[in-house]
Amino acid sequence: MKTAVCPGSFAPVTLGHLDVIERTAELFDKVIVLVMNNSSKHCMFTVEERISMLKKCIKLNNVEVDTYNGLLVDYAEQNNATAIVKGLRAVSDFDYEFQQALINKSLCPKIETVFLPAKGDNMFLSSSMVKEVCRLNGDISPYVPKAIVNDINLRCKGD
């Protein structure tokens with residue numbers, strides 16, 4: 001069984017994230033969507049809330065959601081993953097993700113990093129942009145799964 005890990009902060013999950021997760025689920029027997037903390041990002045939702053939102057949005061039998069606070073490759077190795085899958089929107093994503101992939105490969109040579117390019121309609125999409133549109137009372141429904149639009153709007157209005 002081939003297992004892949006799709007890591008991210010998912011703060012909040014976007015349609016771009018879901019696209020990468022769904023495409024990964026077609027390529028691997030098992031996919032673990034791994035909610036991690038990124039110290040450089042302001043998270044509007046707790047880890048538990050992000051896990052709950054992902055579970056509302058993902059309805060695939062071969063996908064599970066988990067969280068981890070250590071090194072990504074350690075988690076991948078502990079869960080017998082053969083790959084880490086990352087979505088890429090632009091060249092700027094590639095620079096950062098490529099550096100991470102090289103570090104991860106040096107820490108655990110048996111785990112590969114796979115890059116999936118964003119679909120054209122998701123290339124501009126980021127959690128940060130969704131939060132900004134929401135804070136400015138814009139319509140976020142074209143950018144996030146319908147199941148969580150209200151969750152995000154309620155939090156934006158409360159901040």
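Residues numbered from 1 in each chain as written. Predicted model: local features only at pLDDT ≥ 70, side-chain atom pairs only at ≥ 80, totals over all residues. Heavy atoms only, no water.

Undergrad: So what exactly am I meant to see when it comes to the overall build of the chain here?
TA: What the chain contains, in helices and strands, is 6 helices and 5 strands. Its helices and strands taken in sequence order, the chain reads β-α-β-α-β-α-β-α-β-α-α from the N to the C terminus. For 159 residues, the compact-globule formula gives about 15 Å, and the C-alpha radius of gyration of the chain, at 15 Å, lands near that figure. Dimensions of the chain along its principal axes, counting C-alpha atoms only, are 45 × 30 × 30 Å. Per-residue burial for the chain yields a buried fraction of 42% across its 159 residues. Long-range contacts, defined here as pairs at least 24 residues apart, represent 75% of the contacts in the chain between residues at least 6 apart. Roughly 8600 Å² of accessible area belongs to the chain as shown, and the carbon and sulfur atoms make up 54% of that amount. Taken as two groups, the 18 positive and 19 negative side-chain charges of the chain have centres that lie 2 Å from each other. (Helix = DSSP H or I, 4+ residues; strand = E, 2+ residues; numbered from the N terminus. Rg over C-alpha atoms; globule rule 2.2 N^0.38 Å. Buried < 20%, exposed > 50% of the residue type's maximum accessible area, 1.4 Å probe, protein only. Contact = heavy atoms within 4.5 Å. Areas by Shrake-Rupley, 256 points an atom, 1.4 Å probe, with all protein chains shown as cover. Lys, Arg positive; Asp, Glu negative; His and termini not counted. Charge placed at Lys NZ, Arg CZ, Asp CG, Glu CD.)

Undergrad: When you look at the sheet that holds strand 4 (residues 83-88) in this model, what are you seeing that I'm missing?
TA: The strand order across the open sheet built from 5 strands is 3-2-1-4-5, with neighbouring strands paired in parallel fashion. The open sheet has two edge strands with one neighbour each: strand 3 (63-67) and strand 5 (112-117). Averaged over all pairs of adjacent strands, the angle between strand axes in this sheet comes to 30°, irrespective of strand direction. Bridging between strand 1 (residues 3-8) and strand 4 involves 2 bridges; their strand directions are parallel. What sits directly across from V5, in strand 4, is I84. Sitting on the sheet, helix 1 (residues 15-27) touches strand 1, strand 2 (30-35), strand 3, strand 4 and strand 5, and the angle it makes with strand 5 is about 125°. (Pairing = 2+ DSSP bridges. Axes fitted to C-alpha atoms, helices over the stretch in contact; angles between N-to-C directions.)

Undergrad: Just to check I follow, could you spell out the state of the cysteines for this structure?
TA: The bond known as a disulfide is covalent and runs between the sulfur atoms of two cysteines. Following the criterion strictly, the structure yields 1 disulfide and no others. Note on C57: no disulfide assigned, nearest cysteine sulfur contributed by C6 at a separation of 15 Å. The thiol of C108 is not disulfide-bonded; the next cysteine sulfur, from C6, is found 17 Å away. (Disulfide = S-S within 2.5 Å.)

Undergrad: Even after reading the chapter, I still don't get the nonpolar core, so can you show me in this structure?
TA: Side chains that are nonpolar tend, in soluble globular proteins, to be buried together. The biggest cluster of nonpolar side chains holds 34 residues, and the ones touching the most others in it are I21, V33, L54, I58 and I152. Those elements giving two or more residues to this core turn out to be strand 1, helix 1, strand 2, helix 2 (47-57), strand 3, strand 4, helix 5 (127-135) and helix 6 (149-158). Here this core takes 5 residues from helix 2, the largest share from any one element. Of all hydrophobic cores here, the second largest spans 12 residues; its members include I32, L34, L72 and V73. (Core = buried A, V, L, I, M, F, W, Y, C linked by side-chain atoms within 4.5 Å.)

Undergrad: Teacher, can you tell me more about the packing of aromatic side chains here?
TA: Two descriptors summarise a pair of aromatic rings, namely the distance from one centre to the other and the angle between the planes of the rings. Summed over the entire model, instances satisfying the criterion amount to 4 aromatic pairs. Between F94 and F98 the ring centres are 5.1 Å apart and the planes differ by 20°, which places this aromatic pair in the stacked class. With a gap of 4 residues between them, F94 and F98 both fall in helix 4 (residues 91-107), about one helical turn apart. Take F98: its relative accessible area is 37%, and that puts it in the partly exposed class. The structure contains a cluster of three or more aromatic residues connected by ring pairs, namely F94, F98 and F115. (Phe/Tyr/Trp six-rings, centres within 6.5 Å; stacked < 30°, edge-to-face > 60°.)

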